[in-house]
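Residues per chain, in single letters:
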Amino acid sequence: MTEFLDPSPSHTDMVQLLNPEGERVSHPDFEFSPDRPEDEAVRGFYRDMVLTRRLDVEATALQRHGELGLWAQLLGQEAAQIGAARALAPQDFVFPTYREHGVAWCRDVDPMQLLGLFRGTDQGGWDPAEHNFGLYTIVIGAQTLHATGYAMGVQMDGLVGTGDPLRDTAVVAHFGDGASSQGDVNEAMVFAASYNAPVVFFCQNNQWAISEPVEQMVKVPLYKRAQGFGFPGIRVDGNDVLATYEVMKSALKRAREGGGPTMIEAYTYRMGAHTTTDDPTRYRLSDEVQAWKLKDPIARVEAYLRRGGGASTSFFAKVEAEAEEFGERLRAGIHALPEPDPVRLFDNVYTELPDELREQRDGYAAYLASFEHEGASR
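An account of the accompanying structure is given in this report. (Residues numbered from 1 in each chain as written. Predicted model: local features only at pLDDT ≥ 70, side-chain atom pairs only at ≥ 80, totals over all residues. Heavy atoms only, no water.)

## Quick look at the overall build of the protein chain
Note the cut-off: Working definition: helices are DSSP H or I runs of at least four residues, strands are E runs of at least two. Numbering for both runs from the N terminus. For the radius of gyration, the atoms used are the C-alpha atoms, and the globule rule reads 2.2 Å times the number of residues raised to 0.38. The buried label goes to any residue with under 20% of its type's maximum accessible area, the exposed label to any with over 50%, and the partly exposed label to all in between, with areas taken from a 1.4 Å probe on protein chains only.
Within the protein chain, the secondary structure is distributed over 14 helices and seven strands. Expected size for 378 residues packed as a compact globule is a radius of gyration near 21 Å; at 22 Å, the protein chain falls within 12% of this value. Here the C-alpha coordinates of the protein chain stretch approximately 75 × 50 × 50 Å along the principal axes. Of all 378 residues assigned to the protein chain, the portion counted as buried reaches 51%.

## Structural notes on the environment of Gly-69
Looking at the secondary structure, you find Gly-69 in the loop between α1 (38-64) and α2 (78-86). The class for Gly-69 is exposed, based on a relative accessible area of 53%. Each C-alpha atom of the pair Gly-69 and Leu-117 lies 9.3 Å from the other, and the pair is 48 residues apart in sequence.

## Re the sheet that holds strand β3 (residues 199-205)
Our working definition: Only strands joined by at least two bridges in the DSSP assignment are considered to pair. Angles run from 0 to 180 degrees between N-to-C directions of axes, and those axes are lines fitted to C-alpha atoms, restricted for helices to the stretch in contact.
A sheet is described by the order of its strands in space; here five strands give the open sequence β1-β2-β3-β7-β6, paired in parallel fashion. The sheet is open, and its two borders are formed by β1 (93-95) and β6 (233-237), each paired with just one other strand. For this sheet, the mean inter-axis angle between neighbouring strands, taken without regard to orientation, is 20 degrees. As judged from the six bridges shared by β3 and strand β7 (residues 262-267), these two strands associate in the parallel manner. Following the sheet pairing, Gln-204 is matched in β7 by Ala-266.

## Digging into the nonpolar core
Nonpolar side chains tend to gather and get buried jointly when the protein is soluble and globular. For the record, the criterion: To define a nonpolar core, start from buried Ala, Val, Leu, Ile, Met, Phe, Trp, Tyr and Cys residues and group those joined through side-chain atoms within 4.5 Å. Whether two residues touch is decided by their heavy atoms; if any such pair falls within 4.5 Å, the residues are in contact.
If you look at the biggest cluster of nonpolar residues, it comprises 68 residues, and the most contacted ones within it are Tyr-46, Leu-115, Met-248, Ile-264 and Leu-305. Setting aside residues no more than four positions away along its own chain, Tyr-46 makes contact with Ile-298, Val-301, Glu-302, Leu-305, Phe-315, Phe-316 and Val-319. Counting 24 residues, the second-largest nonpolar core is a separate cluster that includes Met-189, Ala-197, Leu-222 and Met-263.

## A look at the side chain of His-174
Among the structural elements, His-174 can be located in strand β2 (residues 171-176). Those residues in contact with His-174 that lie beyond four places of it in its chain are Ala-84, Val-94, Phe-95, Pro-96, Thr-97, Glu-100, Val-103, Gln-143, Phe-202 and Gln-204.

## Focus on a nonpolar patch on the surface
Quick reminder of the rule: Within this analysis, patches are made of residues with over 30% relative accessible area and no salt bridge. Like charges are joined at 9 Å or less; nonpolar side chains (Val, Leu, Ile, Met, Phe, Trp, Tyr) at 5 Å or less. Working definition of accessibility: Shrake-Rupley area with a 1.4 Å probe, residue cover restricted to the visible protein chains. Note on definitions: salt bridges are taken to be side-chain nitrogens of Lys or Arg within 4 Å of carboxyl oxygens of Asp or Glu.
A cluster of nonpolar side chains, namely Val-190, Phe-191 and Tyr-195, defines an oily patch on the protein surface of about 300 Å² accessible area. With respect to the element layout, Tyr-195 can be found in helix α7 (residues 183-195). The class for Tyr-195 is partly exposed, based on a relative accessible area of 47%.

## Regarding the pattern of salt bridges
In total, this model carries 23 salt bridges according to the counting rule given. Two residues, Arg-36 and Glu-40, come together in a salt bridge whose shortest N-O distance is 3.6 Å. Of the charged contacts in the structure, one is a salt bridge between Lys-249 and Glu-246, with a shortest N-O distance of 3.2 Å. Placement of the pair is Lys-249 and Glu-246 together in helix α10 (residues 241-256), with a separation of three residues, close to one helical turn. Linked by salt bridges that have partners in common, Arg-54, Glu-58, Glu-324 and Arg-331 make up one network.

## Observations concerning the pairing of β6
The line we're drawing: Classification remark: right-handed applies to a crossover when, strands pointing away from the viewer, the course from the first strand over the helix to the second runs clockwise.
Of all five residues making up β6, four are buried, and the element is well covered by its neighbours. Taken together, the five bridges between β6 and β7 define a ladder with parallel strand orientation. In the strand pairing of β7, Val-236 is matched with Ala-266. Note on the crossover from β6 through α10 to β7: the handedness is right-handed.

## Some words on unusual backbone geometry
Phi is positive for Asp-108, which is not a glycine, with a value near 65 degrees. Note that Asp-108 resides in the loop between α3 (101-106) and α4 (111-119). Phi is positive for Asn-196, close to 55 degrees, though the residue is something other than glycine. Following the sequence through the fold, Asn-196 ends up in the loop between α7 and β3. Take Asn-196: its relative accessible area is 36%, and that puts it in the partly exposed class.

## Section: the packing of aromatic side chains
For any pair of aromatic rings, the description consists of the separation of the ring centres together with the inter-plane angle of the planes. Applicable threshold: Within 6.5 Å between ring centres, the rings of Phe, Tyr and Trp (the latter by its six-membered ring) count as paired, and their orientation is classed by plane angle as stacked under 30 degrees, edge-to-face over 60, tilted in between. Think of it as a cone above the ring: NZ of Lys or CZ of Arg counts as a charge over the ring if it is within 6 Å of the ring centre and within 35 degrees of the ring normal.
In the structure shown here, the tally under the stated rule is 23 aromatic pairs. A ring pair is formed by Tyr-367 and Phe-371, whose centres lie 5.0 Å apart and whose planes are at 85 degrees; its orientation type is edge-to-face. With a gap of four residues between them, Tyr-367 and Phe-371 both fall in helix α14 (residues 355-377), about one helical turn apart. For Phe-371, a relative accessible area of 45% gives the class partly exposed. For Lys-295, the ring lying beneath its charged end belongs to Trp-292, and the centroid distance is 4.2 Å. Over the aromatic face of Phe-316 sits the side chain of Arg-306, whose NZ or CZ is 4.0 Å from the ring centroid.

## Quick look at the side chain of Glu-100
Rule in force here: We score Asp and Glu as negative and Lys and Arg as positive, and we do not count His or the chain ends. A 3.5 Å cut-off defines polar contacts: any pair of N or O atoms within that distance qualifies, except that in protein one atom must be a possible hydrogen donor and the other a possible acceptor, and neighbouring residues in sequence count only when both atoms are side-chain atoms.
The residue Glu-100 is located in the loop between β1 and α3 in this model. Buried charge without a partner: Glu-100 forms no salt bridge, and the closest opposite charge is Arg-99, 6.2 Å away. A distance of 2.7 Å separates polar atoms of two side chains, one belonging to Glu-100 and the other to Gln-204. Beyond its immediate stretch of four places on either side in the chain, Glu-100 contacts Gln-81, Phe-133, Tyr-136, His-174 and Gln-204.

Put into C-alpha cells, the structure is as follows:
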C-alpha cells in the first residue's frame, strides 16, 4: 500500500523568521537581511500590509453596495504578497493571477485601475511594460506558461547571469494551490526545467481551491512537486513577511544568476471568500478560521515592532490615518468611474470585428435596449 506524506507543515520543513506571537526565530539557512535599516524595512512592510488590507476591505464593501461586479479577496495573504513583491528588483517581471492586489500595490499600479477592472469599465487599465507587472489572468494557471515563455525570452536577450545587478532579470509566476493541479502549471514547469529558465513559481497555498480543501488534491506537500521536475522547492510561512521576503530574495537571486527555476510554497490562509460570489461558511468550519486569525500576518508584525521598540505609537497612528484617507479616496474614486457598458465586451478583441461578432454585438445591444423600452412603456 502506498504511504502518503502529510501535506501539513512541520517545524522542520517550513521557513519561519517571525512567529505568530511576533517573536523572532532563527533558521539555519535564512536570516532577515533587508537592503535598508531593519526596523525601517519592517515598518515599510507593515504599512504595505495595512494599506493593502484596507484596499481589500473597501473593495469588498463597494462590491456589496453594487459598485463592483466582483472582487477577489486577499484577506490573510498580505504577508505572502508583500514579502514576495518587496524582494523584486525593478527589472524583474511578474505574472499575477486575479488576487495579487498587494503585489500590484508594490509595483505602483494605481488601485483605481484594479477597481476599474472589477467594475467592468476597462479590461485592465495599467501598462504591463511600465510596471513590469502583467494584467490579471482569470484563466486558472495560464499565467505560469506566460511567465516561463517570458523567462525564456529573457535568456535569449542575454539578461541572465551577466553579473550586472541592474540587468540580470528574474520572472515570477503567481498561482494558487488549486491551480497546481492544472495542466498549464505542470507544462510550464516542464519547460522551465528543460530550459533552465529564470522563473520563480510562487504558489500561495491558502488551503482552499474555492470550496475544495488542499488535502483533497494533494497527497504530498506542494513544494515537493518541484523535485519531480528537477528544480528546488521550498515551503515558507506565508503569514511571515520577513521569511517570505528572504526566501523570495534567494530564489530571485538564483534565477538572475542563471541557476534556473525555483518553486516556493507560501503556506497561508484565505480568511475571506474565494470571491464575493462565494459563501465559505457552507464548506469550512468557523473554528478553522478562528485558529488562523491567531496567525494574522499584520498583527504579528505589529507585536514585533511594539515589543522591540521598532516603531512608536505615533507611527501606528500615522499609518491608521493614512489608511482612513486611502479608504475615503477609493470610495470617492469609484463614483468618478463611468457606468460599465456591457456592449464594450466586444471592443478590443479584434482589430476589425468579424461579421459574426458584429451580429452578436448588435443583437446583444438590441436585447439590452429592450429593457429600456419596456421600462419606458410602463
